[in-house]
Amino acid sequence: MNTSKIFFSAVFFCISFQSTAQSDHVKIEPVNFSKVVITDDFWKPKIDNVATKTLDACIYQTESKTPRIRNFEKVARKQGEKHEGVFYDDSDVFKALEAMSYSIKTNHDPKLEQKADEWIDKIAAAQLPDGYLNTFYTLGGLENRWQDMSMHEDYNGGHMLEAAVAYFDATGKRKFLDVAIKWANHFDSTFGPGKRDWVTGHEELELALVKLYRATKDVKYLKLADWLLSERGKGLAKGYTWTDWKDTGYAQDLVPVKQQKEITGHAVRAMYLYTGAADVAAHTGDKQYLTAMRNVWEDVVYRNMYITGGIGSAGSNEGFTVDYDLPNEQAYCETCASVGMVFWNQRMNSLTGNAEYIDVLEKSLYNGALDGLSLSGDRFFYGNPLASNGRHARREWFGTACCPANIARLIASLGNYVYGVADNKIYVNLFVGSNTAFQTSKGEVGINMKTNYPWDGAVSCELSMKKKSNFAVAFRIPGWSKGIPSPGELYVTDSRVSEMPVMKVNGQPVIYTEENGYAVIDREWKNGDKIEYMLPMDVKRVQARKELKADGDRIALQRGPIIYCVEGADNNGKAWNILAPSSSKFNIENFKVQDEKVVSIIADLPVLQIGTDGISANTSPQKVRAIPYYTWCNRGSNPMQVWLPVSLKDIKINY
Ligand code: FUB
Ligand code: ZN
C-alpha cells in the first residue's frame, strides 16, 4: 500500500508554518503534542505506561491513600473539618489532572475523563464565591490567606491554571477553565500595580498565567505574569515568615529577574521562574529577559549541571550551592528540576532558534528526568543521585509528592518536544518515531519519522504531499556528536574527532548547511522523498572539567544522549570497586533491564577485591556491564556509580 496514503489518513491535523505562532518574538514554534502521533519504540511504551500505571498510581495515591481529594470534599461540606496533609498538596491534584488531560487528548480514555470530571466537580465545589480556592486556608483559617508569600497559594493556583487549560484543550469542557479564570481574576483583583505587592513564594504562577492568556486571549493574564516577574528582587518579601525565605536567593529574589546573572537557590523554583520569563518574553519581545536568562543558563549549564542534566546538588535547599559543587552520592537532582530543565530549555530554543538548548533538554529528558520513573511506571525517585551505596530505593509515593505527576505530565506530552516550525522550515529537534503534518504555501506536508534512537543513530523521515513544495528541513546536530566542545562545556569526551552527521536524500548523500546547530536542507520536495540522517553512535568516555572535584580522575560513559552507570545487579552486587583505566576498550551489547530493551556497554576491567588486608586489584580483568542510567534501581536496591575511577587513586569503597 502507498505509505503516504496511510500517513495522510492517520494524521488529520495540520500545522501552519505561520498561523499557529504564539507570537512574533519566537524563532521556532514548537509543534503541540496533540499534533504529533508518537509511534516510537522507545517512547510509545513509556507514554502507554504513564497512561495506565503511572496515572493509576497518581489517582490511587491522590484520592484513596492520601487526603488530597478529601480536603476538597471537606471544603465543599462546610462542616468545619480540619485540613489534612501539607499546604501544597492541592498542587499534586492539579498536576495529576494535567497529566490526565494530556493522556485523554491522545488516548481518548472515557474512564480517565470520567475520573477527571469527578475531581473537577469536587474542585469547583471547593471554590469560594470570590474565586479563592485553596483547601489549606479554607479549612485552616481563611483570615490568614494571602499573608505569607511562602505558603504556595500562588503555586497551587498556578498548577490549577495549567491543569484547567490542559483539560479544556483536551476535552473542550469549560467547567474547570471557568474555575481557573475565576481564581485568576480573584488574584488579579487583589494584586498588581496600584494594588498589593506579591512575590510568588514558589514560582509557577507566571508560566501558568501565560498559558491562561494563550487559552483565553485575555491580555490581563499576560500582564499579570509580567508584573509578577517584576516584583522579584526588590526586597518585597522581607518580613515573611518562612525560614527559607531569609535567604532571598532561595526563591531567586536577590536581584530583579532582568538583571539576574547567576543561578541561586531552589532548583525547581528557578526552572519555573525562567520558563515563565521566557514565556512572557515570547509575547512581549523583552530582550532583557533573554539576556538575563542566557547569563543564568550559562551559569547552570557551564558550572552547575550534572552530566545527567540533573540540577540542584544540595538537599538542604533542594537546590544550588556554589559553582562546581556537584557531589555524586549526595546529589539531590530532584526529578521536578530535570522536568523544569526540559521546560526552560524548550522555551530558550523557541526564543533563540538555537539547537544547543535542545541538547541540554535532551540530556535532562533521557537521563535526569526519565530516571525519576521506574520501568514499571509505578515507582518514583524524588532525588536522582549519580552514585549509590545500595541504600536508595524507588518509592510508591512521597510526603511531598511533586515528582510523580510531574514526570507523568512530561512524558504524556512528550510530543511537544519533537518538532518545531518557522520561516518555511520544519525543525526536527528530537529523534522520536512519530508523524505530524505542516501547512506550506503549496498545501499540506506530512513527515513520518522512523528511528531506533537512542540505541541507533539512523533516523529516516519520509515526506508526503500532494504538490511539490519548497521548504527547508532542519535536523538538530546533537552537541554530543560534534567535534568541537562548546566553550565552557563542563563535560568533555575523548573522541572529539569531527563526526558530523551524514544526510542523504533518496539514497544520495547531500550537503547540508549548518545553522544554529541544525543541519538544514532547503530545496524543492516531492511526495515520497526520504531523508536519512545518520548520527555517529560510538561509546564516549567523558571527563569532567578539573574544577569538578567529585569527578576527578574518573570517567563516565555516554552513547548518544544516554549516560551510563554500573550497577551491582550486573556486576556481582558491587559497583564501587570497578576501575576504568585509560586503556579500557568498551563494546556494546544488547541487553534487557527487566523488560526494557537497551544497549549496554561492556568491558573487561580491573575489579578490586576488598580483603582484611586492604584493597587489591584483581589481576585478571572481569567482564563489567554498564546500563543506561535511567534504568538503574529497577531490580531492587543496588550499589551504583556513574563516574568510574581510572586508577586506585580515587577509589572509594563505601559499603
Ligand atoms: O515546595 C513543595 C514542593 O517541593 C514543590 O512542589 C517542589 O518544587 C518541591 O521541591
Ligand atoms: Zn518534585
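As the structure is a prediction and not an experimental result, all values here were calculated from the model.

J.: Which residues make up the packing of helix H7 (residues 153–171) against helix H8 (residues 175–190), and what are the values?
T.: Interaxial distance between H7 and H8 falls to 8 Å at its minimum, and their mutual angle equals 145°. As for how H7 packs across H8, the hand of that crossing is left-handed. Between H7 and H8, the contacting residues are Glu-153, Asp-154, Gly-157, Met-160, Leu-161, Ala-163, Ala-164, Val-165, Tyr-167 and Phe-168 on the first element and Phe-176, Leu-177, Val-179, Ala-180, Trp-183, Ala-184 and Phe-187 on the second. Of the residues that constitute the contact of H7 with H8, the class distribution is 14 nonpolar, 1 polar and 2 charged.

J.: Talk me through the domain arrangement of the protein chain; I want residue IDs and the actual numbers.
T.: For the protein chain, the domain assignment lists domain 1 (66–233) and domain 2 (553–650). Between domain 1 and domain 2, the C-alpha centre-to-centre distance is 45 Å.

J.: Pulling in residues and values, what's your account of helix H15 (residues 402–412)?
T.: Burial within H15 is extensive, with 11 of its 11 residues counted as buried. As for H15, its buried residues are in contact with helix H2 (43–65), helix H4 (90–107), H7, helix H11 (267–284), helix H13 (335–352) and helix H14 (356–369).

J.: Requested: an account of the coordination of the zinc ion (ligand 2), with residues and values cited.
T.: Distances from the zinc ion (ligand 2) to its protein donors, Glu-334 (OE), Cys-336 (SG), Cys-402 (SG) and Cys-403 (SG), fall within 2.1 to 2.3 Å. Given 4 donor atoms and angles of 93 to 119° at the metal, the environment of the zinc ion (ligand 2) is assigned as tetrahedral. Between consecutive donor residues of the zinc ion (ligand 2), the sequence gaps follow E-x1-C-x65-C-C. Taken together, the residues span a long stretch of sequence, with Cys-336 in helix H13 and Cys-402 in helix H15 at a distance of 66 residues. Taken as a pair, Cys-336 and Cys-402 share a single burial class, namely buried.

Parameters and conventions
Residues numbered from 1 in each chain as written. Chains lettered and ligands numbered in written order. Predicted model: local features only at pLDDT ≥ 70, side-chain atom pairs only at ≥ 80, totals over all residues. Heavy atoms only, no water. Axes fitted to C-alpha atoms, helices over the stretch in contact; angles between N-to-C directions. Helix = DSSP H or I, 4+ residues; strand = E, 2+ residues; numbered from the N terminus. Left-handed = near helix turned anticlockwise from the far one by under 90°. Contact = heavy atoms within 4.5 Å. Nonpolar A, V, L, I, M, F, W, Y, C, P; charged D, E, K, R; others polar. Domains from an automatic or database assignment. Buried < 20%, exposed > 50% of the residue type's maximum accessible area, 1.4 Å probe, protein only. Donors = N, O, S within 2.8 Å, 3.2 Å for Na, K, Ca; no water. Tetrahedral: all angles 85-135°; square planar, octahedral: opposite > 155°, others 65-115°.

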